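Tertiary structure, described
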Amino acid sequence: TVNATTAGNVVIQTLGAGVNLGGSDSSSNLGLTSAEINNITAGTLIIGNGTTGAIVNSNAIRRTNTTLGVNLTLISGNTITQSGAGNLFVADIANFVSTGAGTNGNITLANVINDFFSTGSIHACGTNVTIVNSNGTRLGRVNSSSLTVTSNGGNISQATGTNITVSGTANFIATGNQVLLTNQTNSFGCLIINSADINLVTNGTLTLNSINTTNLTVTGNGSLAQTPGSNLIVAGTSNLSVGGNIS
């Protein structure tokens, strides 16, 4: 049992080994089972650092008990993925960081059972980032080459004071719900969105690829363009207000 109280943090470093989050130890991986995780009390549980190998979430892990702590940070010098029954339940801040180069920096958390509480926030820094959430989704700081977020239980929104920076394509799926990303420092290369209503604020040039929505509002200080051959389907009102050209 490790008890740093919920006012302190616990850091688990592997110094080169990978992490099997939800599984057992092996010659190349540190195993951390759900039972072991539940013996740790910490405000934030931090697993890994820049030298840690690939992190694989292979079974259910929960940080939802306010007595044990409700924040989780995973840091790897390689990929962060899920396999089999791997899923994450995080009540407050979920933070995923990969310092790997190219595809070794991918973060793929695509289990439909994942539950990142809508009252918390998801932060991510990596190459290609994929997040699937069964709840409403509130994003925090995100920095990636590409980003795909699927919110199956509610809106996709953004924590106050955070910014989303995606140099390539950002794909937001919130079928029947809203995409509300209104912080002025957001920056997207290209956008694909499927949701009921969209309200976006961006900094710099923005390209719309495929949009399917009821109402669309885009506010920005750069130009706004459309990918050739793409479809923009807006059943209701479109409100486009940018500082540059619209083409």
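Here's what I pulled together on the structure shown here. Remember, it's a predicted structure, so these values are computed and weren't measured experimentally.

Our focus in this paragraph is the side chain of asparagine 57. Its location among the elements puts asparagine 57 in strand β7 (residues 55-57). For asparagine 57, a relative accessible area of 1% corresponds to the buried category. Separated by 2.7 Å, the side chain of asparagine 57 and the backbone oxygen of asparagine 59 make a polar contact. There is a polar contact of 2.9 Å between the side chain of asparagine 57 and the side chain of glutamine 82. Apart from residues lying up to four places away in sequence, asparagine 57 is in contact with Leu21, Thr81, Gln82, Ser83, Gly86, Asn87 and Leu88.

Across the sheet, 3 strands lie side by side as β8-β11-β14; this open sheet has parallel pairing. The outermost strands of the open sheet, each flanked by one partner alone, are β8 (60-63) and β14 (115-116). Summarising the sheet, strand β11 (residues 87-90) and β14 pair through 2 bridges and their orientation is parallel. By the bridge assignment for β14, valine 90 is matched with phenylalanine 116.

Residue threonine 5 is not a glycine yet carries a positive backbone phi of 60°. Even without glycine at this site, leucine 15 takes up a positive phi of about 55°. With respect to the secondary-structure elements, leucine 15 resides in the loop between β2 (9-12) and β3 (18-21).

About the thresholds
- Residues numbered from 1 in each chain as written.
- Predicted model: local features only at pLDDT ≥ 70, side-chain atom pairs only at ≥ 80, totals over all residues.
- Heavy atoms only, no water.
- Helix = DSSP H or I, 4+ residues; strand = E, 2+ residues; numbered from the N terminus.
- Buried < 20%, exposed > 50% of the residue type's maximum accessible area, 1.4 Å probe, protein only.
- Polar contact = N/O pair within 3.5 Å; in protein donor to acceptor, adjacent residues only side chain to side chain.
- Contact = heavy atoms within 4.5 Å.
- Pairing = 2+ DSSP bridges.

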